[in-house]
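Spelled out from the first residue to the last, the chains are:
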Amino acid sequence: QVQLVESGGGLVQAGGSLRLSCAASGRTFSSYAMGWFRQTPGKEREFVAAIDRSGSITYYPDSVKGRFTISRDNAKNTVYLQMNSLKPEDTAVYYCAATTRATTATPFTYRYDYWGQGTQVTVSS
C-alpha cells in the first residue's frame, strides 16, 4: 500500500506557472504508474497527466498538452506536475494517483488504486 501527499497548489494569475509535487510513502514507488487528475464541484474527476513506472512514457489530454509536464524521481518517491500558461479553466482540486494494475501511463480513473487528498489550484483572470 502507498500513501500519497500532494503539495504546491495555490493562487496564480492566468499565464503563470505552478509545480505540484506528490510524495509517496513506501519502498516500491517504482512499481507504480502514476497519474494526475483534477476535479471541480459538481463535475467528474478529469484526467490531466499520466506517467509509466520508469518515467519514459507520458500521456496527456488535449486540454493540457503542451502546457503541462508530468515527471517522476523514483529515488525521491515523488511525481511532479509542471503547469505552465495556466488558464482560469485549470482551476480545480488536483489529485495524484497510483496504480500497480497498469504497466504504462493510463488515463482511466478506475485503474488507479490509491489517491492523495488533493491540492487546490486557483487561476485568476
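Just so it is clear, the model here is predicted, and its values are computed rather than measured.

Turning next to the sheet that holds strand 8 (residues 78–83). The pairing of strands in a sheet happens through backbone hydrogen bonds and is either parallel or antiparallel. Strands sit in the order 1-3-8-7 across an open sheet of 4 strands; the sheet is antiparallel. Two strands close off the open sheet at either side, each with one partner strand: strand 1 (4–7) and strand 7 (68–73). Neighbour-to-neighbour, the strand axes of this sheet turn through a mean angle of 15 degrees, independent of strand direction. Judged from the 6 bridges that link them, strand 7 and strand 8 form a sheet pairing that is antiparallel. Pairing of R72 across the sheet is with V79, part of strand 8.

Let us now look at the pairing of strand 3 (residues 18–24). Among the 7 residues of strand 3, 5 are classified as buried, and the element is accordingly described as predominantly covered. Pairing of strand 1 with strand 3 involves 4 bridges; the strand directions are antiparallel. Looking across to strand 3, one finds that E6 is bridged to C22. The pairing of strand 3 with strand 8 spans 6 bridges and is classified as antiparallel. Paired with A23 across the strands is T78, a residue of strand 8.

Thresholds, definitions, all that
Residues numbered from 1 in each chain as written. Predicted model: local features only at pLDDT ≥ 70, side-chain atom pairs only at ≥ 80, totals over all residues. Heavy atoms only, no water. Pairing = 2+ DSSP bridges. Helix = DSSP H or I, 4+ residues; strand = E, 2+ residues; numbered from the N terminus. Axes fitted to C-alpha atoms, helices over the stretch in contact; angles between N-to-C directions. Buried < 20%, exposed > 50% of the residue type's maximum accessible area, 1.4 Å probe, protein only.

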